Amino acid sequence: VPGPFLAPDDREYIPRETPLLSWELGGAALNDPGAGLQVQVWEFAVVDGNRITVKPLGGAAVVLYTGAEITEVSGSFDSSMNPVIAFVERKQAKLRWYDPTQLGFVVTTFTDATSPRVTLDDKDPDAAADRDVLMFFLRSGGILSYVQQRDRYGVTRDLATISGAIALGRVGMHEYRRVQIEVLTSGVPA
């Protein structure tokens, strides 16, 4: 059942501008989920095509990743307020996430993936035991797919084949408490 996106995912997706910016509701500070995950809006941004930053709106930016030819970013947080970023670098979809088995951040590359978008599926405090960071993306032939944190992003699941799909727009919770994915077909949401 489609519905209106909750803030800040309700911001209009503009194909030429929005891939360089992403907004997500999160906690009071990085790595600090103590006040919950619905405290303030954070902005993820591609800066000069070679850095990805995050900052609370009105706050100071922190560099999360430095690379080259970065053309898209989508950001979220895991339950511990570790930043998770899906991005495109040199036309390759990648995911930077905190791996507790390595005690640090890792970057995973996804072949045959375009338009990666991440979201924490449910930020409600009552959902803490069941929540997951999800990364959605398109594969060849318009196949909408996703990977999830609980599988360490290693198992790809296909959701649908969408004729004419060219990119993903917004992903996030909508007012009926479901994750919603905006698929762009010829620049228009499907």
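The numbering scheme is per chain: residues are counted from 1 as the chain's sequence reads. Whole-chain, interface and lining totals are the exception, using all residues; otherwise, since this is a predicted model, local features are given only for residues with pLDDT of at least 70 and side-chain atom pairs are given and counted only at 80 or more. Hydrogens and waters are ignored; side-chain quantities use all the structure's heavy atoms.

A. Looking closely at the sheet that holds strand β2 (residues 40–47). Read across the open sheet, the four strands follow the order β1-β2-β3-β4; overall the sheet is antiparallel. Two strands bound the open sheet, and with one partner strand each, they are β1 (21–26) and β4 (62–66). Going from strand to strand, the sheet's axes swing by 25° on average, the running direction of each strand aside. By the bridge criterion, four bridges tie strand β3 (residues 51–56) to β4 in an arrangement that is antiparallel. Within β4, the position partnered with valine 54 by the bridge is valine 62. The rule for pairing is simple: two strands pair if DSSP sees at least two bridges between them. Secondary structure elements are defined from DSSP: runs of H or I of at least 4 residues count as helices, runs of E of at least 2 residues count as strands, and each element is numbered from the N terminus. Helix axes use the C-alpha atoms of the stretch in contact, all axes being lines fitted to C-alpha atoms, and the angles between their N-to-C directions lie in the range 0 to 180 degrees.

B. The pattern of salt bridges, seen in detail. Whenever a carboxyl oxygen of Asp or Glu lies within 4 Å of a side-chain nitrogen of Lys or Arg, that contact is scored as a salt bridge. Per the counting criterion, the structure on display carries 13 salt bridges. Residues glutamate 24 and lysine 123 are paired through a salt bridge, measuring 3.5 Å at the closest nitrogen-oxygen approach. Of this pair, glutamate 24 sits in strand β1 while lysine 123 sits in the loop between β9 (114–120) and β10 (133–139), and the two are 99 residues apart along the sequence. You'll find glutamate 24 and lysine 123 in the same group, each marked buried. Among the salt bridges present, the one from lysine 94 reaches glutamate 89, with a minimum N-O distance of 2.8 Å. Relative accessible area decides the class of each residue, using a 1.4 Å probe on protein chains only: under 20% of the type maximum gives buried, over 50% gives exposed, and in between gives partly exposed. The exposure class of glutamate 89 is buried, given its relative accessible area of 7%. One network of salt bridges, in which partners are shared, links Asp112, Arg139 and Asp158.

C. Spotlight on the side chain of glutamate 89. Structurally, the position occupied by glutamate 89 is in strand β6 (residues 83–89). Separated by 2.8 Å, the side chain of glutamate 89 and the backbone nitrogen of alanine 68 make a polar contact. By definition, residues are in contact when any of their heavy atoms lie within 4.5 Å. Once residues within four sequence positions are removed from consideration, glutamate 89 is found in contact with Tyr65, Gly67, Ala68, Glu69, Ile70 and Lys94. In the analysis that follows, any N or O atom pair within 3.5 Å is treated as a polar contact, provided that within protein one partner can donate a hydrogen and the other can accept it, and provided that, for residues neighboring in sequence, both atoms belong to side chains.

D. Structural view of the pairing of strand β7 (residues 92–99). For β7, a buried count of six out of eight residues is recorded, marking the element as mostly surrounded by other parts of the structure. Two elements, β6 and β7, share five bridges in a ladder whose sense is antiparallel. Paired with phenylalanine 87 across the bridge in β7 is lysine 94. In this structure, the hairpin formed by β6 and β7 is closed by a connection of two residues, where arginine 90 is found at a positive phi of approximately 50°. In terms of strand pairing, β7 meets strand β8 (residues 104–110) through seven bridges, oriented antiparallel. The residue of β8 that forms the bridge with aspartate 99 is glycine 104. Linkage of β7 to β8, two consecutive antiparallel strands, is achieved through a turn of four residues, within which leucine 103 is found at a positive phi near 55°.

Such coordinate-based values are descriptive only and should not be taken to indicate function.
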